Structure formats: structure tokens, C-alpha cells
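Fold and geometry: a report
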Amino acid sequence: MLRRYVTCGTRRALTTTTRVASKASSSQHAHEVHEHSDYGVRAPFWERALLGTGSALGLLVSPRRGDLLTVLTQVSSYPRIDALVYQMQSTHEGRRLLVERPSINSHTIDIDALAQLPTNSFGRVWFDWLRANHVSPDGRCEAQYMPTFETRYVIQRYRETHDFYHVLLGMPTSTLGETVVKYFEASHMHLPVAVLSAIGGSARILRDDGQALLSQRTAALDTPQLVGLADWAWRLGQLVRTPLISIAWERRFEQPLDELRAELGIDVPPPVLLDMAQRPRAAQRTVTHVAGRRFFGWPSKV
């Protein structure tokens, strides 16, 4: 049945893409800026070390600083970024992404159209997840500390598709949910920032639970759930059949979520079901500028 959907549903998926995904910006000048050899920063090792240390310390103080997370993601990803580019190039779907370079934000995706999809479809579940957690697909600061346009796009794509992993795993945007997703990303992509985030998130959960015990609060502790979910997410990340960085999620919105999970090999249910609206985090909307124009994320060619 899954194979039948993938082969026979191509036309329907393309129709959905045309209807749901729209152009963010086709400005030729903006794309020339992105592909210019001087665009971005080829940060040397000592500079990456300083930026990484500073952003990591800043995130310990203020975990919601998206700009610091963007910097840490970039400068810590140098050892693994070539492997991530190779993963995207390893599939036809991923190679098409590198050519078209679509972006995922409220300017490229018709979010309201997703509400009209079947309730069990991937796009509709993502829409419901956005509403339940009070977040938006915007707010990813643009990557700048990467050496080539390919590596810049791949790292930007990694950050823009992070919310889809929440949907696949059924995790909210709480500290526990974010930490579990980072364990999954660390196992599947082996990115240093995912490992650091998983460790940092675990430390915050242990600290919060310790404070709750000392103050004799009656709130449920997250540590017991983290133990089971972290192990589940790590094993699940190793079972993925297709590199997730190479998936064109925009073309999968009509696909039933269960079929998508089965196709990717991550259909093992979690040992603990979390409330999708547990401790929601306020959305942070970040506007970036390229060549004097306003963009939300990477200027798309589509």
C-alpha cells in the first residue's frame, strides 16, 4: 500500500505542492547574493571556537535565544556538514532540494490550506501541532558562518525542518519534548549541536526536578519520562531508512502520517505519550535581510 501511494500518488503530491507551497521570493538579485563567493563567512577554527563557546554559554543562560542557537549550530557543524550535504545528494528528492532550495516559512507555505487536509495527513497534523504549541514556522535566523552556498542551505534546511521531527515523534515544545527530539537528531545526523542540546536539555530537566523536590511541589517530574523517551529516540534515530535531511516535506503534506512514518522506518510508538500542548513556548518571529529585502529564512528559488 505504501509503494502504491508513493508511485501512484505522485501527481496528487505535486498538485498539493502547487496549492500549498507558494513562492517566497524569486528575486534574481537575492539569489545572486546567496551564490556569490563572498557571501557568508569562512570562519577559521579559532573564531569558530570563540563563537561556539560564547553562544553555548549564552544558551545556558537564555535557552530561547534563537540567534545564539543559529550560531552554535553553524560553527559546531563543520566536522559533519559535508556528510550532511552528501546525505542530501544521495537521493533524487534531496538533489532536487539542492537545485530548487525551497524554504519553509509562512511566506512559502499556505498554512491555512493545511487545515483543509484530512485529519490524519502529515500536513494537517503539523498544522494542529503549530496551533497546539502556539508556534509558527518563522523565526529561523539565516545561516552565515558556512563556507559554501550548499552548506549554508543544508544547515538552514536542518533548522527549518526541526518542527517536522516533533510531529513525527509526537513531541511538544516543552523542555522534555525538545530534549527528546535532540536525542533523535543526534542519533540520526550525528550533529554536535544536537548532542550538546540533548545534554543541556537533560541537565535542565534534572535541575528543574531537583528544585521541585526541594520545594516539595506536587508537579509531575520529567526525569523518569526522559529516561525512557531518550533511549527510545536514540534507537529510533538509528532505524531511519532515508536521510531525513533529503526529504521534501513540502511534497508530503497530503500523505497519511502513519504511512510516512512507516516509509521512513520510525513507526515504533513512544513508551510515554506526552501532551502536545505541554508547557508551550511563545513563538519568536525573526526577520532577516538579504540585499536590502526582508525574508523569513532562506530566499527560495521555488
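What you see is a predicted model; the values in this text were computed from it and never measured. (Residues numbered from 1 in each chain as written. Predicted model: local features only at pLDDT ≥ 70, side-chain atom pairs only at ≥ 80, totals over all residues. Heavy atoms only, no water.)

1. Some remarks on the overall build of the protein chain
When helices and strands are tallied, the protein chain shows 15 helices and two strands. In the protein chain, which comprises 302 residues, the share counted as buried stands at 51%. In the protein chain, the proportion of contacts linking residues at least 24 apart, taken out of those at least 6 apart, comes to 76%. Carbon together with sulfur atoms contributes 57% to the accessible area of the protein chain, which is approximately 14,300 Å² in total. (Helix = DSSP H or I, 4+ residues; strand = E, 2+ residues; numbered from the N terminus. Buried < 20%, exposed > 50% of the residue type's maximum accessible area, 1.4 Å probe, protein only. Contact = heavy atoms within 4.5 Å. Areas by Shrake-Rupley, 256 points an atom, 1.4 Å probe, with all protein chains shown as cover.)

2. Some remarks on helix H15 (residues 257–264)
Of all eight residues in H15, six are buried, a share of seventy percent or more. Taken as a whole, H15 has its buried residues at Leu-257, Glu-259, Leu-260, Arg-261, Glu-263 and Leu-264. Where H15 terminates, the next one or two residues include Gly-265, which has phi positive at roughly 85°.

3. What to know about the pattern of salt bridges
In this structure the tally under the stated criterion is 11 salt bridges. Salt-bridge contacts for Arg-131 lead to Asp-112; the nearest nitrogen and oxygen are separated by 3.9 Å. With Arg-131 in helix H9 (residues 122–133) and Asp-112 in helix H8 (residues 111–114), this pair connects stretches of sequence that are 19 residues apart. When its relative accessible area of 42% is taken as the criterion, Arg-131 is described as partly exposed. Overall, Asp-112 belongs to the exposed group, its relative accessible area being 55%. (Salt bridge = Lys/Arg side-chain N within 4 Å of Asp/Glu carboxyl O.)

4. Side note on the environment of Thr-223
The topology assignment puts Thr-223 in helix H14 (residues 223–239). Through-space distance from the C-alpha of Thr-223 to that of Gly-210 is 9.6 Å; in sequence the pair is 13 residues apart. Excluding its chain neighbours within four sequence positions, the residues that come into contact with Thr-223 are Ile-205, Leu-206 and Asp-209. Polar contacts involving the side chain of Thr-223 include one to the side chain of Asp-209, which spans 2.5 Å. (Polar contact = N/O pair within 3.5 Å; in protein donor to acceptor, adjacent residues only side chain to side chain.)

5. What to know about the UniProt feature "binding site: Zn(2+)" (unreviewed entry) in the protein chain
Following the UniProt record, one finds the feature "binding site: Zn(2+)" (unreviewed entry) at His-162, Asp-163, His-166 and Glu-178. The annotated residues occupy 17 residues of the chain but converge on a single region, no pair of C-alpha atoms lying more than 9.8 Å apart. Note that His-162 resides in helix H11 (residues 162–169). Looking at where Asp-163 falls in the secondary structure, it is placed in helix H11. On the accessibility criterion, Asp-163 (8% relative accessible area) is buried. (UniProt positions renumbered as here; feature names shortened; annotations may be inferred.)

6. Side note on the packing of H11 against helix H12 (residues 175–189)
Closest axis-to-axis distance for the H11/H12 pair is 10 Å, and the angle between their directions is 105°. Taken together, H11 and H12 sit at an angle that is classed as roughly perpendicular. For the pair H11 and H12, the contacting residues are His-162, Tyr-165, His-166 and Leu-169 in the first and Gly-177, Glu-178, Val-181, Lys-182, Phe-184, Glu-185 and Met-189 in the second. Broken down by class, the residue content of the contact of H11 with H12 amounts to five nonpolar, three polar and three charged. (Axes fitted to C-alpha atoms, helices over the stretch in contact; angles between N-to-C directions. Parallel < 35°, antiparallel > 145°, perpendicular 65-115°, else oblique. Nonpolar A, V, L, I, M, F, W, Y, C, P; charged D, E, K, R; others polar.)

7. A short note on the side chain of Lys-182
Structurally, the position occupied by Lys-182 is in helix H12. Judged by its relative accessible area of 11%, Lys-182 falls in the buried class. At 3.3 Å, the side chain of Lys-182 and the side chain of Tyr-158 are in polar contact.

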